[in-house]
Amino acid sequence: MPDWFERNPLRVAGTAGAGLTLLSAERAAGELWRAGAPDGQDGFAAVARPAPVPLAEILARAGAVHGIDVRPVAGDTPLTAADRLLDLRLADVRRHAVRLPDATPASPADPAQASPAAPPAPAPAPGPPPLSPAAQWELFGAIRACRRAPGGGRDPGLRRRVVEVAGRPLVLFEGGSGAGPPLLVLNALGQGPGFLSRLCAELTPYHRVVTWQVRGTEREDPDWGTRRQLDDIEAVLEAAGTERAHLLGWCTGAKIATAFQRRRPGAVASLVFLNATFRQNDRWDGMDTKYESDLAAVCRALDRRPEKAARMLGLLAPGAVGAKGGHHDRDAGVLGVLSRALTEEVRRPFTDAGVLVRYARQLVDLWRLDSAAQAADVAVPTLFVCSEFDGISSPARAREAARCFPHARYAELAVAGHYAPHDRPALVAELITEFVRAPREITDLVRDAEITWHIDTEGTAR
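Residues numbered from 1 in each chain as written. Predicted model: local features only at pLDDT ≥ 70, side-chain atom pairs only at ≥ 80, totals over all residues. Heavy atoms only, no water.

Now for the overall build of the protein. Helices and strands together make up the secondary structure of the protein, namely 19 helices and 14 strands. Across the 462 residues in the protein, those meeting the buried criterion constitute 50%. The contacts of the protein with a sequence gap of at least 6 include a subset with a gap of at least 24, amounting to 77%. About 21100 Å² of surface is accessible on the protein, with carbon and sulfur atoms providing 53% of the total. (Helix = DSSP H or I, 4+ residues; strand = E, 2+ residues; numbered from the N terminus. Buried < 20%, exposed > 50% of the residue type's maximum accessible area, 1.4 Å probe, protein only. Contact = heavy atoms within 4.5 Å. Areas by Shrake-Rupley, 256 points an atom, 1.4 Å probe, with all protein chains shown as cover.)

Written as structure tokens, this is what we have:
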């Protein structure tokens, strides 16, 4: 929704009486140089702290540079999801805040005072003048000029390769490097590879990444059920020249990844499930999202009466779903809505009647799979990454599924939607990278205000 900030301010609480001490890069470099001078005192130097700049002014100027109206509000003002996300990302900023010299103590309702993680420090002793407004404008303008959207401007560097498997072409995408088993990224049924590009751009600097075009829904494809999807993973491992890999499954890919680990336990080093759906016939009833319920009804109808496909093409294309309540829900807001950059990728199964029938039958076949029974035998570390505002795949069911895995961790991303691997690629990639490196320590390695950990090593609720 590119015009969001033309109609909505970004509100921030907890700024009253708080300020930041800002140094110019030139002065900071000079102080570092002085500290390292031959006549310095063992590499240490005292730096006089400048007078603080009110945090509200800093945020207003930074917002203006980006064309965003950032408004300070009282601590008890209800916040939208977008406001909440800013509030979470300001947690570290508040930790470095100091009390302005003429400020009175904040009221208990003010998050800057109420939060134990962010109490303003005592007012600093008089020092040099604060960084001037002109210098602040220059600073924030330079930051914007240098800023790169996470994964957005980079080519993930994936090379396209076609191999023949079961008499039909299988399209592989490979890139990156790194020691240890590669990451095999299993896309959702019916989806194109474009969804994964931002996440792969964050992963390839540290890992070898292999993904492929999941088969069975293109116009020329035959029916391609779960068993054949498992055969394709076998073929990808062989084509990648590896006997063992970390297996990442997004959405429906999670159940297929679980089934593959059951088939080839020694070939899977770990499992990562991104916004997973573990929908299963006659299990975890009542946990469907509205989208899942509607999709199940349509898929079962098409499995029995495929001639109805043309009439149902536009019925469930998820261009506007993904948030609780849709576009205008005050809580979910814009953050749960499908990015326009993904529209073509997500609508792929809903543009052709024949493709829709094959997609429906793939899902009906997948829903018969008893992943809960298979999960009990999964001996490798497993990471679930789900989203608070996922209106496609049920987070409640994913949490219940995670309890079935003996070595599961469950991370929930605050104010995020179903497409979080695209919308928050850097954070999701950090979770994956640290989990692959040290799965037992992941809950301590990645502590972020946007993440809530729900499942411990025994699979019980925290």
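As summarised here, the arrangement of the 3 strands in space is β3-β2-β5, forming an open sheet in which the pairing is antiparallel. The strands lining the two open edges of the sheet, one partner per strand, are β3 (53-54) and β5 (98-99). For strand β2 (residues 18-20) and β5, the ladder comprises 2 bridges, and the chain directions are antiparallel. Counted as the bridge partner of Gly-19 is Val-98 from β5. (Pairing = 2+ DSSP bridges.)

Burial analysis of strand β10 (residues 245-250) places 6 of its 6 residues in the buried class, which makes it a mostly covered element. By the alternation rule, side chains of β10 split into Ala-245, Leu-247 and Gly-249 and His-246, Leu-248 and Trp-250, which are all buried. Where strand β8 (residues 183-186) meets β10, 4 bridges bridge the pair, whose relative direction is parallel. By the bridge assignment, Leu-184 is partnered in β10 with Leu-247. Strand direction decides the pairing type here: β10 and strand β11 (residues 268-274), joined by 6 bridges, are parallel. Looking across to β11, one finds that Leu-247 is bridged to Leu-271. Where the polypeptide runs from β10 across helix α10 (residues 253-263) and back to β11, its parallel neighbour, the crossover connection is right-handed. (Right-handed = clockwise from strand over helix to strand, strands pointing away.)

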